[in-house]
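# A closer look at the structure
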Amino acid sequence: MEELQSTEILDREILEDARKKVVRILKTAEETIRAQTEEWEKKTLTAIDELDKKYKEERETAAVKIMARLPIDKHRVKIEKIEGLLYSAVETWFKSLSRQRILEILTEELTKRLALCGDFFNSAKVQAYINGIDRKEAQDIFQKINITCAINEDSIKSQYPSITLETGEIRVIAGIEKTVGFLLEEKRAELVEALIDPAFIEESA
């Protein structure tokens, strides 16, 4: 019984150290997102689809490598712990963001997506639906990106702030959830590698 308790304590300590590593990586990843914004604005929808396919293939490859390193009988339990740590670390990262940084991310995401629509939104009647931000914050964002629209409160509340623009023909969504998705996709292999250190692998054997 004492040996089992010691193992559980060691496991918790390892996971806590790993979680701290993940938080540090996520903070660094935020700067990576800012640096990539200008490049993303120049890509076409076709290029984005190709990137999504590439990221999917990379995730599948990473999953195969993890399967090969962890015993099958403990694999599901370990993956559940890893996923829990990933989402917990992302939540910690989000809570650490200042209000100004949240609004900056929304502005960057909206600008990036509108760049793919050309001048369509400048001539169309636009309805905006905001979630997790107030009207004054939304007005400031729309003024920065030179968009005129009617502002409405989104009836369906989400976990993270977001802005949805609709014309009846086109819908554009920009939100922190998109950034969270980017972190969990683009940085997943790096984050999982940080979580699964040698001690964690040895204990899993």
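Moving on, we get to the environment of Trp93. Tracing the chain through its elements places Trp93 in helix H3 (residues 72-96). For Trp93, a relative accessible area of 1% puts it in the buried group. As for Trp93 and Val180, which are separated by 87 residues in sequence, their C-alpha atoms are 9.5 Å apart. Not counting chain neighbours up to four residues away, the residues in contact with Trp93 comprise Leu26, Lys27, Glu30, Ile105, Thr179, Val180 and Leu183.

Turning our attention to the packing of aromatic side chains. According to the stated counting rule, one finds one aromatic pair in the structure shown. Ring geometry for Phe94 versus Tyr160: centroids 4.9 Å apart, planes at 85 degrees, classification edge-to-face. With Phe94 in helix H3 and Tyr160 in the loop between strand E2 (150-153) and strand E3 (162-166), the pair connects residues that are 66 residues apart, well separated along the chain. On the basis of relative accessible area, Tyr160 is assigned to the buried category, the value being 9%.

Moving on: helix H4 (residues 99-114). Over its 16 residues, H4 extends 23 Å from the first C-alpha to the last, a length consistent with the 22 Å expected when each residue adds 1.5 Å. Listed in full, the buried residues belonging to H4 are Arg101, Ile102, Leu103, Ile105, Leu106, Thr107, Glu108, Glu109, Leu110, Lys112 and Leu114.

As a further point, take the nonpolar core. In this structure, Trp93, Leu110, Phe142 and Leu165 are the most contacted members of the largest nonpolar core, which totals 42 residues. Only helix H1 (2-41), H3, H4, strand E1 (127-131), helix H6 (135-144), E3, strand E4 (171-175) and helix H7 (176-186) provide two or more residues apiece to this core. Ignoring any residue separated from it by four or fewer positions in sequence, one finds Leu165 in contact with Leu110, Leu114, Phe121, Val126, Gln127, Ala128, Phe142, Cys149, Ile170, Arg171 and Val172.

Look at H4 against H6: their axes get within 10 Å of each other, and the N-to-C directions meet at 45 degrees. Our classification of the angle between H4 and H6 gives oblique. Seen from above, H4 lies across H6 with right-handed handedness. Mapping the contact onto sequence places Arg99, Leu103, Leu106, Thr107 and Leu110 in H4 and Glu137, Ile141 and Phe142 in H6. In terms of residue class, the contact of H4 with H6 is built from five nonpolar, one polar and two charged.

Another point: the packing of H4 against H7. Contact geometry for H4 and H7: axes closest at 9 Å, N-to-C directions at 85 degrees. By the criterion of interaxial angle, the relationship of H4 to H7 is roughly perpendicular. On H7, the residues that touch Ile102, Ile105, Leu106, Glu109 and Arg113 of H4 are Ile176, Lys178 and Thr179. Partitioned by chemical class, the residues of the contact of H4 with H7 number four nonpolar, one polar and three charged.

So, on to the confidence of the model for the protein. The predicted model of the protein averages 76 in pLDDT, with 72% of residues at 70 or higher. The element-level mean pLDDT for the protein is lowest in helix H9 (residues 198-204), coming to 49, with H6 highest at 93.

The subject of this paragraph is the sheet that holds E3. If you walk across this open sheet you meet the four strands as E2-E1-E3-E4, and the pairing is mixed. Bordering the open sheet on either side are E2 and E4, each of which pairs with just one other strand. In this sheet, neighbouring strand axes are inclined to one another by 20 degrees on average, regardless of whether the strands run parallel or antiparallel. With five bridges joining them, E1 and E3 adopt antiparallel strand pairing. Across the sheet, Tyr129 pairs through a bridge with Thr164, a residue of E3. Sheet contacts for H4: E3 and E4; angle to E4, the most-contacted strand, approximately 150 degrees.

The rules we used
Residues numbered from 1 in each chain as written. Predicted model: local features only at pLDDT ≥ 70, side-chain atom pairs only at ≥ 80, totals over all residues. Heavy atoms only, no water. Helix = DSSP H or I, 4+ residues; strand = E, 2+ residues; numbered from the N terminus. Buried < 20%, exposed > 50% of the residue type's maximum accessible area, 1.4 Å probe, protein only. Contact = heavy atoms within 4.5 Å. Phe/Tyr/Trp six-rings, centres within 6.5 Å; stacked < 30°, edge-to-face > 60°. Expected span 1.5 Å × (residues − 1). Core = buried A, V, L, I, M, F, W, Y, C linked by side-chain atoms within 4.5 Å. Axes fitted to C-alpha atoms, helices over the stretch in contact; angles between N-to-C directions. Parallel < 35°, antiparallel > 145°, perpendicular 65-115°, else oblique. Left-handed = near helix turned anticlockwise from the far one by under 90°. Nonpolar A, V, L, I, M, F, W, Y, C, P; charged D, E, K, R; others polar. pLDDT = per-residue confidence, 0-100. Pairing = 2+ DSSP bridges.

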